[in-house]
Amino acid sequence: MNSIHAMPDTVLDFWFKETAPRQWWIKSEDFDRLIESRFGGLLDAAENCELYGWRETAGGRLAEIIVLDQFSRNIHRDNPRAFANDRLALALAQTAVALKADLELDATQRAFLYMPYMHSESPLIHQLAVALFSQAGMEGNLEFELRHKAIIDRFGRYPHRNATLGRSSTPEEIEFLKTPGSSF
């Protein structure tokens, strides 16, 4: 279904019904290629802001954010393009929060709507992320946000992205990357 004509429910059903939650967090070439084959064209459309009609509903907004924030990481793993849509995904998430569309979603869905905040390399955005992930029902995600925020507070960026993005690592970042659990 590599089509821009897919509906938001196609994305949401794939992510929340067809996919096991453990698949969201593990590196798998097979899963990455499955997402690319099914949703690669949709990612192209989202990158070109062609899915704007999806923003009429909370679910549609969430689906567009998942395509930009999650699918791009799978499709372009270990490539700078994996992070190319982060600002657009964050802007869409910020608008959804401002419109209170996030409150129409269950906690698991809201976590993915808020994920662009967690992926940001802005300390200010992480202050907002802590507030979002501190809401009732989000406690499991708050721990991860606090870990992400600590890295941004310390380095001003995610050192584990440096090699992929062609950024030089500082000696402190290199030492940090040697510690278990330093990368996500």
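- As annotated in an unreviewed UniProt entry, the protein chain is Transmembrane protein from Denitratisoma oestradiolicum.

1. Some remarks on the overall build of the protein chain
Next, step 1: Within the protein chain, the secondary structure is distributed over ten helices and zero strands.
Next, step 2: The linear arrangement of helices and strands in the protein chain, starting from the amino end, is α-α-α-α-α-α-α-α-α-α.
Next, step 3: Since a compact globule built from 184 residues should have a radius of gyration of about 16 Å, the 16 Å found for the protein chain is in line with a globular shape.
Next, step 4: Across the 184 residues that make up the protein chain, the buried fraction comes to 47%.
Next, step 5: Put simply, 61% of the contacts in the protein chain that link residues at least 6 apart link residues at least 24 apart.
Next, step 6: Taking the average location of the 20 positive side-chain charges in the protein chain and that of its 26 negative ones, the two points are 4 Å from each other.

2. Details of the domain arrangement of the protein chain
Next, step 1: In terms of domain boundaries, the protein chain breaks down into domain 1 (1-119) and domain 2 (120-183).
Next, step 2: Relative placement of domain 1 and domain 2: their C-alpha centres are 20 Å apart.
Next, step 3: Each side of the interface is counted separately: domain 1 has 20 residues, and domain 2 has 20 residues.
Next, step 4: For the pairing of domain 1 and domain 2, the buried interface totals around 1,500 Å² over both sides, and the portion due to carbon and sulfur atoms is 68%.
Next, step 5: Counting across the domain 1 and domain 2 interface gives one salt bridge.
Next, step 6: A salt bridge links Asp86 to Arg161, with the nearest nitrogen and oxygen atoms 3.7 Å apart.
Next, step 7: Summed over the shared surface of domain 1 and domain 2, the number is seven residue pairs in polar contact (both at pLDDT 80 or more).
Next, step 8: For the side of domain 1 that touches domain 2, the elements supplying multiple residues, two or more each, are helix 5 (86-98) and helix 6 (107-119).
Next, step 9: Of the residues forming the side of domain 1 that touches domain 2, the biggest block, nine residues, is contributed by helix 6.

3. Points about the environment of Ser120
Next, step 1: Among the structural elements, Ser120 can be located in the loop between helix 6 and helix 7 (123-133).
Next, step 2: Owing to a relative accessible area of 10%, Ser120 belongs among the buried residues under this scheme.
Next, step 3: Note: C-alpha distance between Ser120 and Pro171 (51 residues apart in sequence) is 22 Å.
Next, step 4: If we skip the residues at most four places from it in the chain, Ser120 touches Leu90, Ile125, His126, Ile152 and Tyr158.

The rules behind each value
Every chain begins its residue count from 1, and numbering advances along the sequence as written. Two thresholds apply to this predicted model, a pLDDT of at least 70 for residue-level local features and 80 or more for giving and counting side-chain atom pairs, whereas whole-chain, interface and lining totals are computed over all residues. Heavy atoms throughout the structure, all of them, feed into the side-chain values; hydrogens and water do not. Only runs of H or I of at least four residues qualify as helices and only runs of E of at least two qualify as strands under DSSP, and these elements are numbered from the N terminus. The reference for a compact globule is 2.2 Å times residues^0.38; the radius of gyration itself is calculated from the C-alpha atoms. Burial status follows relative accessibility: with a 1.4 Å probe on protein chains alone, a residue under 20% of its type maximum counts as buried, one over 50% as exposed, and anything between as partly exposed. By the convention used here, residues are in contact when the closest approach between their heavy atoms is within 4.5 Å. Counted charges follow a simple rule, with Lys and Arg positive, Asp and Glu negative, and His plus the chain ends left uncounted. Taken as the charge location is NZ of Lys, CZ of Arg, CG of Asp or CD of Glu. The split into domains, and so the bounds of each, comes from an automatic or database assignment of domains. Note on terms: buried area is the combined drop in 1.4 Å-probe accessible area of two parts once they are placed together, counting the loss on both. A pair is scored as a salt bridge if a Lys or Arg side-chain nitrogen falls within 4 Å of a carboxyl oxygen belonging to Asp or Glu. In protein, a polar contact means a hydrogen-donor-capable atom and an acceptor-capable atom, both N or O and within 3.5 Å, with residues adjacent in sequence counting only if both atoms are side-chain atoms; elsewhere, any N or O pair within 3.5 Å suffices.

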